[in-house]
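# Summary of structural features
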Amino acid sequence: SRDMGIAAVGAFGESKKIGYHVMAGNGNSQAGETDAKKKGYLGLRFRPTAAWAVEAYADYEDRVGSGDRQTVHGFVGYKKEKLRAGVQYIRQLRKETGEDIELSILSAFLTGAISDKTWLFGRVDLNMDANPGGDDIAYIPFDESASNTFILVGVDYWMRETVGFSPNVEVVVYDEPDTAGLPTPDTDVIPRFTFHFTF
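Structural notes, computed from the coordinates. No experiment lies behind these values; they were computed from the predicted model shown.

Calculation criteria
- Residues numbered from 1 in each chain as written.
- Predicted model: local features only at pLDDT ≥ 70, side-chain atom pairs only at ≥ 80, totals over all residues.
- Heavy atoms only, no water.
- Helix = DSSP H or I, 4+ residues; strand = E, 2+ residues; numbered from the N terminus.
- Buried < 20%, exposed > 50% of the residue type's maximum accessible area, 1.4 Å probe, protein only.
- Lys, Arg positive; Asp, Glu negative; His and termini not counted.
- Salt bridge = Lys/Arg side-chain N within 4 Å of Asp/Glu carboxyl O.
- Polar contact = N/O pair within 3.5 Å; in protein donor to acceptor, adjacent residues only side chain to side chain.
- Patch = residues over 30% accessible without salt bridge, like charges linked within 9 Å, V, L, I, M, F, W, Y side chains within 5 Å.
- Areas by Shrake-Rupley, 256 points an atom, 1.4 Å probe, with all protein chains shown as cover.
- Core = buried A, V, L, I, M, F, W, Y, C linked by side-chain atoms within 4.5 Å.
- Contact = heavy atoms within 4.5 Å.
- Charge placed at Lys NZ, Arg CZ, Asp CG, Glu CD.
- Pairing = 2+ DSSP bridges.
- Axes fitted to C-alpha atoms, helices over the stretch in contact; angles between N-to-C directions.

You can see D68 is positioned in strand β5 (residues 68-80). The buried charged residue D68 lacks any salt bridge partner; its closest oppositely charged side chain belongs to R63, at an N-O distance of 6.0 Å. Polar side-chain contacts of D68 include one of 3.1 Å to the side chain of Y60. A polar contact is formed between the side chain of D68 and the backbone nitrogen of R63, at a distance of 2.8 Å.

What follows is about a nonpolar patch on the surface. Taken together, the side chains of V87, Y89, L106, V124, L126, M128, I151, V153 and V173 define a hydrophobic patch exposed on the protein surface, amounting to about 660 Å² of accessible area. Looking at the nonpolar patch, the elements with two or more residues in it are β6 (83-95), β8 (118-127) and β9 (148-160). Tracing the chain through its elements places V173 in strand β10 (residues 163-174). Using a relative accessible area of 33% as the deciding quantity, one classes V173 as partly exposed.

Let us now look at unusual backbone geometry. Located in the positive-phi region is K16, a residue other than glycine, with phi close to 60 degrees. As for its position among the elements, K16 is in the loop between β1 (5-12) and β2 (18-25).

Time to look at the nonpolar core. Grouped together as the largest cluster of nonpolar side chains are seven residues: I140, F142, A146, F150, L152, V172 and Y174. Listed by contribution, the elements that provide at least two residues to this core are β9 and β10. Among all residues touching I140, those that are not within four sequence positions of it are F150, E170, V172, I190 and R192.

Turning our attention to the environment of V54. Within the secondary structure layout, V54 lies in strand β4 (residues 52-61). Residue class for V54 comes out partly exposed when judged on its relative accessible area of 33%. Linking V54 and G77, residues 23 residues apart in sequence, is a C-alpha distance of 6.4 Å. Excluding residues within four positions of it along the chain, V54 makes contact with L44, R45, F46 and F75.

To continue, consider a positive patch on the surface. Residues R45, R47, K79 and R84 make up a contiguous surface patch of positive charge. Inspection of the secondary structure puts K79 in strand β5. With relative accessibility at 52%, the residue K79 sits in the exposed group.

Moving on, we come to the sheet that holds β4. Within the open sheet, the 11 strands sit side by side as β1-β2-β3-β4-β5-β6-β7-β8-β9-β10-β11. Their pairing is antiparallel. Here the strands that pair on one side only, and so sit at the sheet edges, are β1 and β11 (188-197). Recorded for the sheet is a direction-independent mean angle of 10 degrees between the axes of neighbouring strands. The pairing of β4 with β5 spans 10 bridges and is antiparallel. Directly across from A56, in β5, lies its bridge partner G74.

Bear in mind that shape data such as this cannot, by itself, settle questions of function.
Put into structure tokens, the structure is as follows:
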């Protein structure tokens with residue numbers, strides 16, 4: 001979601017319905033550069049109407065040693081004044097020494113207004129493969145032994161235009177591990193409370 005690099009962003013035609021985003025970056029997220037390897041990104045979007053958006057995306061990351069990564073995703077989104085929804089499919093191939101790793105995720109979200117100040121939101125991610133780096137995710141570690149379903153539900157309430165609160169809960173439900181004999185990981189339940197303030 002973050003990188004340092006050079007990008008070109010624009011749209012085609014008078015209607016601007018077809019857009020592009022091309023970037024060459026360090027591939028090191030928000031951290032400083034540590035090697036000469038780079039990452040290339042390409043995104044194409046189509047806006048058939050003001051309410052609908054379709055995106056196709058791909059990137060390739062050249063990494064030191066083994067572990068080069070290729071990622072593709074497709075996204076369809078819908079947006080109205082009091083309703084937003086989207087579906088995304090992501091597939092990543094990690095070129096590891098010995099055996100490649102493939103990770104696939106199907107994600108969907110829905111959020112709607114129930115009043116001028118209150119929105120309900122929800123999201124479901126089907127993580128179809130066990131993530132071998134799941135334990136290293138700082139904000140929400142995942143057990144590395146099994147695929148899982150991630151669920152997020154919450155309420156977004158704004159007292160005024162600049163102050164808001166979002167109580168929410170995250171749940172991770174694990175499938176049986178592919179490796180025979182390993183126990184199914186326990187379900188994770190993570191309550192959170194987010195405070196928004198703009199100035």
